[in-house]
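# Chain and residue survey
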Amino acid sequence: MVNRSFLLCQSLGGEGLVSYKTLNEEAEAVPIGSEGLVCLDHFQGNRTPYTDPLSRGALAGLTLKHGRGHVFRGLIESVCLGTELVFEAMRKAGYTPSSVAVAGGATNSRLWLQTHADVSNVPMKVTREREACVLGSAILAAVGGGLFPDIPSAARAMVHVEGTVMPNPEAHAEYKRVLERYRAVYPALKPLFRDQGAGAPPTAAAGGVDESRGGGAAAAEGETAAVVGLVNASILAADMADLSGEVERVMAAGADWIHVDVVDNVFAKVLTFGPPVVASLRRRHPSVFLDVHLAVENPHEYVDALKDAGTSQVLFHPEAVVEGSDMDAASLAVRISEAGMRAGVALRPETPVSAVLPLLEPRRLVQCVDVLAVQPGFGGQAFDSTVLAKVEELRSICPELDIQVDGGVNAATAQACVAAGANVLTSGSFIFGNNTGAVAASHVSEAAAAAAAAAAAIAELRGALSAKWRLPAQG
Ligand SMILES: O=C(CO)[C@@H](O)[C@H](O)COP(=O)(O)O
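Residues numbered from 1 in each chain as written. Predicted model: local features only at pLDDT ≥ 70, side-chain atom pairs only at ≥ 80, totals over all residues. Heavy atoms only, no water.

- Going by an unreviewed UniProt entry, the protein carries the name ribulose-phosphate 3-epimerase and comes from Ectocarpus siliculosus.
- According to the UniProt record, the Sequence similarities (unreviewed entry) comment for the protein is "Belongs to the ribulose-phosphate 3-epimerase family."
- Turning to the protein, the UniProt record has this under Subunit (unreviewed entry): "Homodimer." (UniProt positions renumbered as here; feature names shortened; annotations may be inferred.)

## Some details on the sheet that holds strand β5 (residues 161–165)
- Ordered in space as β3-β4-β5, the three strands form an open sheet in which the pairing is mixed. In this open sheet, the two strands that pair with only one neighbour each are β3 (100–102) and β5. Mean inter-strand twist for the sheet, computed between neighbouring axes without regard to direction, equals 30°.
- Judged from the four bridges that link them, strand β4 (residues 124–127) and β5 form a sheet pairing that is antiparallel. Bridge pairing in β5 links V126 to G163. (Pairing = 2+ DSSP bridges. Helix = DSSP H or I, 4+ residues; strand = E, 2+ residues; numbered from the N terminus. Axes fitted to C-alpha atoms, helices over the stretch in contact; angles between N-to-C directions.)

## Thoughts on the packing of helix α2 (residues 20–28) against helix α3 (residues 68–92)
- At a minimum axis separation of 8 Å, α2 and α3 run at an interaxial angle of 90°. Looking at the two axes, α2 sits roughly perpendicular to α3. On the side of α2, the interface is formed by Y20, T22, L23, N24, E26, A27 and E28, while α3 contributes R68, G69, F72, R73 and I76.
- Split by residue class, the contact of α2 with α3 holds five nonpolar, three polar and four charged. (Parallel < 35°, antiparallel > 145°, perpendicular 65-115°, else oblique. Contact = heavy atoms within 4.5 Å. Nonpolar A, V, L, I, M, F, W, Y, C, P; charged D, E, K, R; others polar.)

## Here's the deal with the site of the ligand
- Close to the ligand lie 17 residues, the nearest being G377, D406, G408, G428 and S429.
- D261 places a side-chain nitrogen or oxygen 2.7 Å from an oxygen atom of the ligand.
- Considering the ligand on its own, with 370 Å² of exposed area, one finds that the protein chains cover 99% of that surface.
- Per-class residue counts for the shell around the ligand are four nonpolar, 11 polar and two charged. (Near = heavy atom within 4 Å. Polar contact = N/O pair within 3.5 Å; in protein donor to acceptor, adjacent residues only side chain to side chain. Areas by Shrake-Rupley, 256 points an atom, 1.4 Å probe, with all protein chains shown as cover.)

Right, dumping it as structure tokens:
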């Protein structure tokens, strides 16, 4: 973490034109905040807190008064400020770093160490052994060779702290202001980095497309390539006596995801499915994407069972969690992700976008937001078009997020959902309910009628999606 921008600093000081000593001296003469020059340290994308391989480094606020010392100091400050955002994410997840062990080339710069200590208000412990990689290998070898029973005991014996750089409280107070300027740079420049002409890696390499969702085709011009249009069939409206057959039919008819509403008769006054139904569907349909909407109180109590059941994505309601508890929305999202599932939230029609913002920035804790256009729990309700403003707002904040509109989605409402920015259309009655009344006497013809009706409905939804998004290949 600490040495990540030395590659870039080498281009300033590593070609024999000017030494690091000179660069450090020039930077030390520049005041905290580099006189308004703010740099972004995303030279190879960013892993934490943004997880954005397309992000890039930048110098913002450059003027004619800024010299080489400003740029060098700005780069050092940006790395330290980036480290502080990593610490913020760690603190949010319940780990508060009390000190940092520093090894390697970074220990040669007093300015680098002091700036880290000051920005984060955390002591920097400098190790005696400067070659961290070699020391790490020696530790592993010592454990492998039986000299120590485990890595922690070997590290205790072999890592020696030579000195500690303490934070300066006054400098820390100044850096708090600088941090806020730094924090604003990435969101402001993010759209620029989406320009593929700026040297960004190809989308597939950027990891933006989940192959399990059938991605892979080129994105429509002007759209973010990571997003594909998906039809999500909500089985609340399916024939419960033949759930597996219903899933098979709608998948064959072109649905991309299966949406399972787990409702507990408390959060919403209806009792539907539980994790055992998800497990049965998974057994019958090993590769289907199972999107579970938890319309329940205490959603954290379902995570383990849903994981064991083979759930692909868990959507929970921020309205159902207790903020400030040990299972608040952020902790729950992290727990779902750590269990190996995609995490998402579902918003009741009256819940504002602000309820989900802390899960989107600065660290993306959820991959999907389900904007309900009906009250949770029941199919067949009327579509509330006022929720589309939330879809627009979310899409403007997160160009690459999966955004569902769920409830009352049909041929008449789908286009408006897509135009607002939804890329996942979640629909129950329209897909499964079109066959009611047309059911023939024999089961075979009933199934055939249902399949034909579902295929027609899904084709309509795919048509609406294709106006804005590329669609996964059908296979
Ligand atoms: O999440 C829900 C209800 O909680 C939805 O998934 C509905 O099941 C959608 O059904 P229709 O409105 O399409 O019938």
